[in-house]
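Reading the structure
What follows is each chain in one-letter form.
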Amino acid sequence: MIPVTDHLPILVVMIPVITAYITPLVGILLKRTVKGIAVVALSVNLACSLLLAHYVLINGPISYHLSGVPPPLGIEFVADHLGAVLSLLISAITLIAIIYLSATIPELGKKKTSIFYTLILLAVGGMQGIVLTNDLFNLFVLIEILAIAMYGLVAIRGDGKSLLAGYKYLLIGSAGSALILIGTGFLFISTGTLNMTLMGDILPDIINSWTVLGGFALLIAGLSTKIGLFPLHIWMPDAYAHAPSITPVISTLALKAGLVALIRLIYVIFGPSLSAETVPLPSVLSLLGAVAIIICSIVALQQADIRRMLAYSTGANIGCIVLGISFATSAGLEGAMLHMITHTVSKVCLFIAADAMLIQAGIRRIEDFRGLADEMPYTMAGFSLGAISIIGIPLSGGFMSKIYVANAAIGIGLLIYAGVILFWTLLTALYFFRIFRFAYFEPSHREHRLHETPWPSILIILILGGASILLGFFVEVPMEMIRPAAGILLGGGI
Amino acid sequence: MSVLDPAFILGHYNYWVSIILIMIGLYTLIAKKNLIKKFIGLNIIETAIFLFYISLGDIDGGVGPILPKEGAVADTMIYANPLPSAMMLTAIVVTLCVTALALSFAVLIYRRYGTLDAGRLMEEL
Amino acid sequence: MTRSDIIVRTIARLMVPFLLLFGAYILLHGHLGAGGGFQAGIIFTSALILAAIGRSRIEFRSQPAGSKLWILGVSGAVLFGVTGFLGIVSGGFYLQYSLLPLPFPVETIHAIMITIVEIGIGIAVSGMICLVFLTITGRGE
């Protein structure tokens, strides 16, 4: 008999997926319980993730063989420290997002509500699978599950603009999936296996083969569309601006799941054989990351729509995480993982606050923020806390993670990238201070006084805002998981 | 073996077919203005990938990897690698889902705007 | 929708039973040969779509048909997921059937359980593809 704790990796993935399939059935039979079921399923999922993280922290990584067939033939799930901490982040944030969603007024019709929850749960299952799987083809399938759910979530409102944004996302995303599929084929035919750890063992002997290098390049390019790395980020602003409220939140997490796949690709599959002579990966990816940071920040400065601005800010942050990953040192990897966590918490806080303002007051453009601190003080306070962390004002969560990445850049002598991060902080401050000026120092031009958001939303926004600041003070809590994660990854996976 | 050796080029004709199909698909995806035609280009790319995978697993004269009733011949049997075919089955399912989704989007977009011209539609965004 | 041509109608009516039989063969053959739930589901659906093309599409498109298809598709997927959890309950891994306490040899248990899983997949696929067909041709979601 296998102890129950060993089943946690599959439970974390299958609970959201099976609930996703049950939800439309429930939606037809008992219309009112859909939200309840989604909240219960995600709570159970959060409990499983917590147990998993606790177990992994104490006993080390778990390897789970689907249908009992061991790795060379069967599909393997591995819950290492990276997977466990990201799984915990995904469950926690989606639970908060679902609670926020069910506390606010439904903006979609009754018919679409159950489909909406189905898609969210399916996306959660896909993300959990991506962070936990150790099989390259399984990774492709899970990325597609996540992507299909995301396309649906972007376009579910069904008006013209959201459909167009969804179609754009679909075309770019499917092209990326096709690249991932070819790359998987190249690596599969070179190594004869799909298990990432085994591939990592075989690849050092054949790393100079053009097939392997081509597969690597195709996989990196395909994953770049999924994580929105700079030249391929163009789907993000449209998708975020026209999708319903919760989609940007789920998408922020989906980008992180894609980044985990990128980390595994670079460190687990190619880690042992990666060196500057064969693959000039650090220089290429660092350059892409730095360019993403600068250009996305400059474009964000010009946006008038708050959600577009946040989307470009996400693009810049993805650049920072890729920069940390590309250094191939434990300091850089730790900084990248910490930045994944702090950026997710703060950006989700910003998106939820922006959505609360949109629902309550119809605020969409940055000029509409005039006098908002007067009329919606708590929502604006939560927004400001999240913004402080995104800017990286000292002692907030975002500051700590940026410092880690910048330190890593200095550690390997690439001072220019530390300078890029400093410049980026100034640019971010510039576009958020514009909002602060409107909100705190300018009078409102509205005829009616706005009402404050209902208290459940305020509570959620303030919790997220507080968490994004407190992460800076209690940075050791996530670091306790991240340090062994970086150690394992630099050692080439388990 | 040299890359320019005619035997090398002709011997790998299955890969050349895949590459040509992928290029046709890429051209369709980029150059065509119609949203559905763009997606057809993507479908051509994906079909080319299926072809590529299946030709990876196949052997000249190989049979399906099913054990015959009398186990004696099993040792000398040449059989095709079943894993790429199984993988492609999953990939076909995935592509089917994405295609269905894209066509539904296209139908709804056409109903809203009365056109599928990408140039005009992207101005609306 | 106008009524179809007589040739299309007759051929469609002739083809449908054979397609359904072929689908059933593919479905039940899945555990030891080429075949399986997905292909069978697609063949079932193509039979239904052929029937719909042969007749008019009106009766195929009503609202109750939509929600019944949802139930069909969802219950197939749930059947698959729950069957997988039987492996955990019996003390093995997810989708591991060899430890199930059934009075048969291991091969037979495998065949039975995989057939159940394939039936689940087949139901789910045919339900969902029918829904997609309805959505694209019909009113749209």
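Anyway, here's the lowdown on the structure attached to this text. Given the structure is predicted, the values throughout are model-derived calculations rather than measurements.

Section: the nonpolar core
In terms of nonpolar packing, the biggest core is built from 204 residues, with Met127(A), Phe369(A), Met380(A), Phe383(A) and Phe432(A) touching the most fellow members. Counting residues in hydrophobic clusters, the runner-up holds 18 residues, among them Cys320(A), Phe327(A), Ala406(A) and Ile421(A).

Let's talk about the interface of chain A and chain C
Contacts between the two partners involve 19 residues from chain A and, on the opposite side, 17 residues from chain C. Both faces considered, chain A and chain C share a buried interface measuring about 1,800 Å² in area, 81% of it formed by carbon and sulfur atoms. Here chain A and chain C share zero residue pairs in polar contact (both at pLDDT 80 or more) between them. At the level of elements, helix H1 (8–29), strand E1 (62–65) and helix H4 (110–132) of chain A are the ones that each hand at least two residues to the side of chain A that touches chain C. Of all the elements, H1(A) adds the most residues to the side of chain A that touches chain C, at nine residues. Residue composition of the side of chain A that touches chain C, by class: 14 nonpolar, four polar and one charged.

Things to note about the interface of chain B and chain A
Each side of the interface is counted separately: chain B has 36 residues, and chain A has 34 residues. Between chain B and chain A, the buried area comes to about 2,900 Å², and carbon and sulfur atoms account for 84% of it. The largest per-residue losses of area from chain B upon contact with chain A belong to Met87(B), Phe105(B) and Leu125(B), which jointly make up 22% of the total buried on that side. Inspection of the region where chain B meets chain A yields zero salt bridges. Here chain B and chain A share three residue pairs in polar contact (both at pLDDT 80 or more) between them. Sorting the residues of the side of chain B that touches chain A by element identifies helix H2 (13–31), helix H3 (35–57), helix H4 (82–113) and helix H5 (118–124) of chain B as the ones contributing at least two each. Along the lines of polarity and charge, the residues of the side of chain B that touches chain A split into 30 nonpolar, two polar and four charged.

A word on the packing of aromatic side chains
Taken as a whole and assessed by the stated rule, the structure comprises 14 aromatic pairs over all chains. A centroid spacing of 5.4 Å and a plane angle of 85 degrees characterise the contact between Tyr240(A) and Phe351(A), whose relative ring orientation is edge-to-face. Here Tyr240(A) is found in helix H9 (residues 235–242), whereas its partner Phe351(A) is found in helix H13 (residues 330–361), with 111 residues between them in sequence. The exposure class of Tyr240(A) is buried, given its relative accessible area of 1%. Where Phe433(A) meets Phe436(A), the ring centres are 5.8 Å apart and the plane angle is 45 degrees; that geometry is what we call tilted. You can see Phe433(A) and its partner Phe436(A) sitting in helix H17 (residues 415–441), three residues apart, about one turn around the helix. With a relative accessible area of 43%, Phe433(A) lands in the partly exposed category. An aromatic cluster is built from Phe186(A), Tyr15(B), Phe52(B) and Tyr53(B), whose rings are joined through pairwise contacts. In this structure, Lys402(A) packs its charged tip against the face of Trp424(A), placed 3.9 Å from the ring centre. Here the guanidinium or amino end of Arg437(A) rests over the ring plane of Phe438(A), the centre of that ring lying 5.0 Å away.

Notes on a nonpolar patch on the surface
All names here are of chain B. Together, Ile-9, Tyr-13, Trp-16, Val-17, Ile-19, Ile-20, Met-23, Ile-24, Leu-26, Ile-30 and Leu-51 give the surface a local cluster of nonpolar side chains, amounting to about 1,000 Å² of exposed area. Examining the composition of the nonpolar patch, we find that nine residues originate from one element, H2, more than from any other. For Ile-24, a relative accessible area of 41% translates into the label partly exposed.

Regarding the pattern of salt bridges
Pairs can form between side chains of opposite charge whenever their charged atoms are close. All names here are of chain A. Throughout the structure, instances matching the rule amount to ten salt bridges over all chains. We note a salt bridge from Glu-144 to Lys-226, for which the minimum N-O separation is 3.9 Å. Of this pair, Glu-144 sits in helix H5 (residues 136–155) while Lys-226 sits in helix H8 (residues 210–227), and the two are 82 residues apart along the sequence. For the pair shown, Glu-144 and Lys-226 are each scored as buried. Between Arg-364 and Asp-305 there is a salt bridge, and its shortest N-O distance comes to 3.9 Å. With Arg-364 in the loop between H13 and helix H14 (372–375) and Asp-305 in the loop between helix H11 (281–301) and helix H12 (306–326), the pair connects residues that are 59 residues apart, well separated along the chain. Given a relative accessible area of 29%, Arg-364 falls into the partly exposed group. For Asp-305, a relative accessible area of 14% translates into the label buried. Several salt bridges converge on common partners, so that one network encompasses Lys-168, Asp-238 and Arg-308.

A closer look at H9(A)
Residues and elements named next belong to chain A. Most of H9 sits inside the fold, with eight of its eight residues counted as buried. All of the buried residues along H9 are Trp-235, Met-236, Pro-237, Asp-238, Ala-239, Tyr-240, Ala-241 and His-242. Looking at the buried side of H9, the elements it contacts are H5, helix H6 (160–191), H8, helix H10 (247–269), H12 and H13.

Overview of H1(A)
All names here are of chain A. In this model, H1 (22 residues) spans 31 Å end to end at C-alpha, consistent with the 32 Å of a helix rising 1.5 Å per residue. At Met-14, H1 is deflected by roughly 30 degrees, the largest bend along its length, and proline Pro-16 occurs up to four residues later in sequence. Taking burial as the measure, the 22 residues of H1 include 17 buried ones, the bulk of the element.

Remarks on the packing of helix H3 (residues 81–103) of chain A against H10(A)
Relative placement of two packed helices is described by the angle separating their axes and the distance separating the axes. Residue and element names in this part refer to chain A. Viewed as axis vectors pointing N to C, H3 and H10 meet at an angle of 170 degrees, and their least axial separation amounts to 10 Å. Judged on the interaxial angle alone, H10 and H3 are roughly antiparallel. Of H10, the residues touching H3 (which contributes Leu-82, Gly-83, Leu-86, Leu-89, Ile-90, Ile-93, Thr-94 and Ala-97) are Val-249, Ile-250, Leu-253, Lys-256, Val-260, Ile-263 and Arg-264. For the contact of H3 with H10, the per-class residue count stands at eleven nonpolar, two polar and two charged.

What counts, and where the lines are drawn
Residues numbered from 1 in each chain as written. Chains lettered and ligands numbered in written order. Predicted model: local features only at pLDDT ≥ 70, side-chain atom pairs only at ≥ 80, totals over all residues. Heavy atoms only, no water. Core = buried A, V, L, I, M, F, W, Y, C linked by side-chain atoms within 4.5 Å. Buried < 20%, exposed > 50% of the residue type's maximum accessible area, 1.4 Å probe, protein only. Contact = heavy atoms within 4.5 Å. Buried area = accessible area lost by both parts, 1.4 Å probe. Polar contact = N/O pair within 3.5 Å; in protein donor to acceptor, adjacent residues only side chain to side chain. Helix = DSSP H or I, 4+ residues; strand = E, 2+ residues; numbered from the N terminus. Nonpolar A, V, L, I, M, F, W, Y, C, P; charged D, E, K, R; others polar. Salt bridge = Lys/Arg side-chain N within 4 Å of Asp/Glu carboxyl O. Phe/Tyr/Trp six-rings, centres within 6.5 Å; stacked < 30°, edge-to-face > 60°. Lys NZ or Arg CZ within 6 Å of the ring centre and 35° of its normal. Patch = residues over 30% accessible without salt bridge, like charges linked within 9 Å, V, L, I, M, F, W, Y side chains within 5 Å. Areas by Shrake-Rupley, 256 points an atom, 1.4 Å probe, with all protein chains shown as cover. Expected span 1.5 Å × (residues − 1). Bend = angle between axes of the 7 residues up to and from the residue. Axes fitted to C-alpha atoms, helices over the stretch in contact; angles between N-to-C directions. Parallel < 35°, antiparallel > 145°, perpendicular 65-115°, else oblique.

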